[in-house]
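Now for the letters of each chain:
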Amino acid sequence: MDENTCVIAGGGPAGAVLALLLARAGVRVTLLEKHGDFLRDFRGDTVHPSTLQVLDELGLAEELDRLPHRKAYSMTLQTDDATVPIADLSRLPGRYNYIAFVPQWDFLNLVTAAAKRYPTFRLVMNAEVYDVIREGNAVRGVRYRDADGEHELRAALTVAADGRHSDVRRAAGLVPVEHGVPMDVLWFRLPRDPGDPGDPFLRVSAGHMMVAINREDYWQLAYLIPKGGFDALRARGIETVREHVARLLPFLKERVELLSDFGDVSMLSVALNRLRRWHRPGLLVIGDAAHAMSPVFGVGINLAVQDAVAAANLLAGPLAAGAEIPEPLLARVQRRRTPPTVLTQFAQRVVQHRLIRPALSGGAGPVRLPRDISRIPAIGTLARRFIGFGVRPEHVRSPVASHDA
C-alpha cells in the first residue's frame, strides 16, 4: 500500500497533462498507465492551436516544435466535382495559426518527460487499474495490477482519465449517456509519393467518406463505414476496401494492393457520449472517460487537455496546501467544462446528421457545397475559431512550486 495526494488512472493526453500541472505545483502525484509504452498506432494526433498555446504557457513549445510533425494551415473537403475550403486557419490571431499533426506517443513522451523533472511526480507503466478503494461514500484511491501482482494506492484525490472504456468510471458506478453515431472508422496507411497532394483533406462522395492525413512518407487514412458495418464489409473481402480507396483517391490506385488483408486495418468503434456527473467524493472524471468525442473536427485530444488545465487551475493550489478537496470543488470543474463539451458535441452531431449520415447512406446523391465556405465572413470566422480554439479555451493559471523558481 502506498499514499499519494493524487493518483491519476490513464496516461493519455488528459492524464499526462494534469499530472504535469500538479507536479509543477508541488503536488505528490502518481500517473498509472496500463501499457508498457505510449506507442499505439492510429490514435488521435491532431494538436490544435488551443493545445499549442497551453504547451507554450508551460515552456514546451520549442520542444514540441523539434518533434517530427506537419503543420496544416487549412482544411478542405473534396467532393466529386470540387475542392471546397472549409477553414483557413492561417487567418487565426496569434502565434499558433495551424494544426500540428504530432504522433501521440511523441506528445505523451514530451509531457511525461517534462513531469519527470519534478520530484513529486511518479509514472508507473504496465499498471492496470481495475477498481477503486472506498471509504463509505468516498473514493480514496485505486487498486491496480502489474507484473509484480496486485497493489493498492491510496490518495486524497483520484482522477479517472482512462479513456472511453474507463474501468475507474465503471468501478465508481458512473454510466455515460450515449448520443449515437452513424459511423465507425477503418484506419490504415499507404505509402506517400512526392507528387501526391500536400495538405490533409476530407473526401466525400455518395456512399463514401475518407480522411487523408499527410505523414510525409505515408498517408494515414480513415475510411468511414456505417455504424456496425465492419463484419459485413470484412465478409466482402479486403478487395472491396481497395476498390473504394482507388475510386475516392485515384492517385493511390497503384498502391492499394499493399492492403493485403484486414490485418492491415484497425477498426475504431466510434462513440459520442457524456457523463451527467463527473465526480464522486474523492473522485474526478475527465477527458474521454467523462465525454467520448466523435472524430468530427479531430478535437478529442484538445478537449481532454482543456479539461486537465481547468482541473489543475481549480485543484492544484488546495492539493499542494494539503487541503481536503470537497465535492463541490470537483463539481466546479464539471460546471466549467460542461458548456464547451455540450456545444462541441452538438456541432459534431449536426455534422453527423447533415453530412456523414446522408453521405454514407448514398441516398442524398452527389454532395454539393458552396465553392469556398471559408470565405463567407461569419461562417469562415466561426469555423476557424471553433476548430482552432474551441469553446472556452483554457489557459494555465495553476501555481508553480518553489522548486521551479
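Structure shown above.
Residues numbered from 1 in each chain as written. Predicted model: local features only at pLDDT ≥ 70, side-chain atom pairs only at ≥ 80, totals over all residues. Heavy atoms only, no water.

Chemist: Quick question: what am I supposed to make of the sheet that holds strand β13 (residues 183-191) here?
Modeler: Sheets are built from strands paired through backbone hydrogen bonds, the pairs being either parallel or antiparallel. With mixed pairing, seven strands are arranged side by side in an open sheet as β6-β5-β14-β15-β16-β13-β17. Unpaired on one side and paired on the other, β6 (83-88) and β17 (266-268) mark the two borders of the sheet. The average undirected angle you get between the axes of adjacent strands in this sheet is 20°. Pairing analysis gives three bridges linking β13 to β17, with the strands arranged antiparallel. (Pairing = 2+ DSSP bridges. Helix = DSSP H or I, 4+ residues; strand = E, 2+ residues; numbered from the N terminus. Axes fitted to C-alpha atoms, helices over the stretch in contact; angles between N-to-C directions.)

Chemist: Sorry, what's going on with the pairing of strand β14 (residues 201-205) here?
Modeler: It is a general feature of regular strands that their side chains alternate between the two faces of the sheet. With four of five residues buried, β14 is to be regarded as a mostly interior element. Where strand β5 (residues 74-78) lies against β14, three bridges are found, and the strand directions are parallel. By the bridge assignment, Leu77 is partnered in β14 with Leu202. Across five bridges, the pairing between β14 and strand β15 (residues 208-214) is antiparallel. Bridging from a neighbouring strand, Leu202 pairs with Val211 of β15. (Buried < 20%, exposed > 50% of the residue type's maximum accessible area, 1.4 Å probe, protein only.)

Chemist: In this structure, what is going on with the environment of Asp146? I would like to understand it.
Modeler: Mapping Asp146 onto the fold places it in strand β10 (residues 138-146). With relative accessibility at 22%, the residue Asp146 sits in the partly exposed group. Sequence separation between Asp146 and Met125 is 21 residues; the distance between their C-alpha atoms is 8.4 Å. Excluding residues within four positions of it along the chain, Asp146 makes contact with Asn126 and His151. (Contact = heavy atoms within 4.5 Å.)

Chemist: Where do I start with helix α8 (residues 300-320) in this structure?
Modeler: One turn of an α-helix holds 3.6 residues; hence residues three or four places apart share an orientation. Taking 1.5 Å per residue, 21 residues should reach 30 Å; α8 reaches 29 Å between its end C-alpha atoms and fits that length. Most pronounced at Leu314, the bend in α8 amounts to some 40°, and the proline Pro318 follows within four residues. α8 sits mainly inside the fold: 16 of its 21 residues count as buried. Phi turns positive one or two residues past the end of α8, at Gly322, with a value near 80°. (Expected span 1.5 Å × (residues − 1). Bend = angle between axes of the 7 residues up to and from the residue.)

Chemist: Please clarify how the packing of helix α2 (residues 49-57) against α8 should be interpreted in this entry.
Modeler: Two quantities define a packed helix pair, namely the angle between the axes and the distance from one axis to the other. At their nearest, the axes of α2 and α8 sit 9 Å apart, and the two run at 40° to each other. The orientation of α2 with respect to α8, classified from their angle, is oblique. α8 is crossed by α2, and the crossing has left-handed handedness. Here α2 contributes Ser50, Thr51 and Val54 to the contact with α8, which in turn contributes Asn302, Val305, Gln306 and Val309. Across the contact of α2 with α8, the residue classes break down as three nonpolar, four polar and no charged. (Parallel < 35°, antiparallel > 145°, perpendicular 65-115°, else oblique. Left-handed = near helix turned anticlockwise from the far one by under 90°. Nonpolar A, V, L, I, M, F, W, Y, C, P; charged D, E, K, R; others polar.)

Chemist: Just to check I follow, could you spell out the nonpolar core for this structure?
Modeler: Where a protein is soluble and globular, its nonpolar side chains tend to be buried together. Counting residues in hydrophobic clusters, the biggest one holds 59 residues, and the most contacted among them are Ile8, Leu18, Leu22, Phe107 and Leu315. A total of 11 residues in this core trace back to one element, the largest contributor, which is α8. Setting aside anything within four residues of it in sequence, one finds Leu315 in contact with Leu157, Leu284, Ile325, Leu329, Leu330 and Val333. Membership of the second largest hydrophobic core comes to 28 residues, among which are Leu77, Leu89, Leu92 and Ile99. (Core = buried A, V, L, I, M, F, W, Y, C linked by side-chain atoms within 4.5 Å.)

Chemist: Where do I start with the packing of aromatic side chains in this structure?
Modeler: One pair of aromatic rings is described through two measures. These are the centre distance and the angle between the planes. Enumeration according to the criterion identifies six aromatic pairs in this entry. On the numbers, 6.3 Å between centres and 70° between planes, the contact of Tyr96 with Tyr98 is edge-to-face. Of the two residues, Tyr96 and Tyr98, both sit in the buried class. Ring pairs connect the aromatic residues Tyr73, Tyr96 and Tyr98, which therefore count as one cluster. Above the face of the Tyr98 ring, Lys71 is positioned so that its terminal group lies 5.3 Å from the ring centre. A cation sits over an aromatic face here: Arg145 above Tyr130, 4.1 Å from the ring centre. (Phe/Tyr/Trp six-rings, centres within 6.5 Å; stacked < 30°, edge-to-face > 60°. Lys NZ or Arg CZ within 6 Å of the ring centre and 35° of its normal.)

Chemist: Would you mind going over the side chain of Ser205 with me for this structure?
Modeler: Tracing the sequence through the fold places Ser205 in strand β14. What Ser205 contacts, discounting residues up to four positions off in sequence, is Asp80, Arg247, Leu248 and Ala359.

Chemist: What's the story with the pairing of β15 in this structure? I'm lost.
Modeler: Counting buried positions over the seven residues of β15 gives six, a clear majority of the element. One ladder, built from six bridges, connects β15 with strand β16 (residues 218-226); its direction is antiparallel. Looking at the pairing, Met209 lines up with Leu224 of β16. Hairpin geometry of β15 and β16 is characterised by an intervening segment of three residues between the two adjacent antiparallel strands and by a positive phi of about 70° at Glu216.

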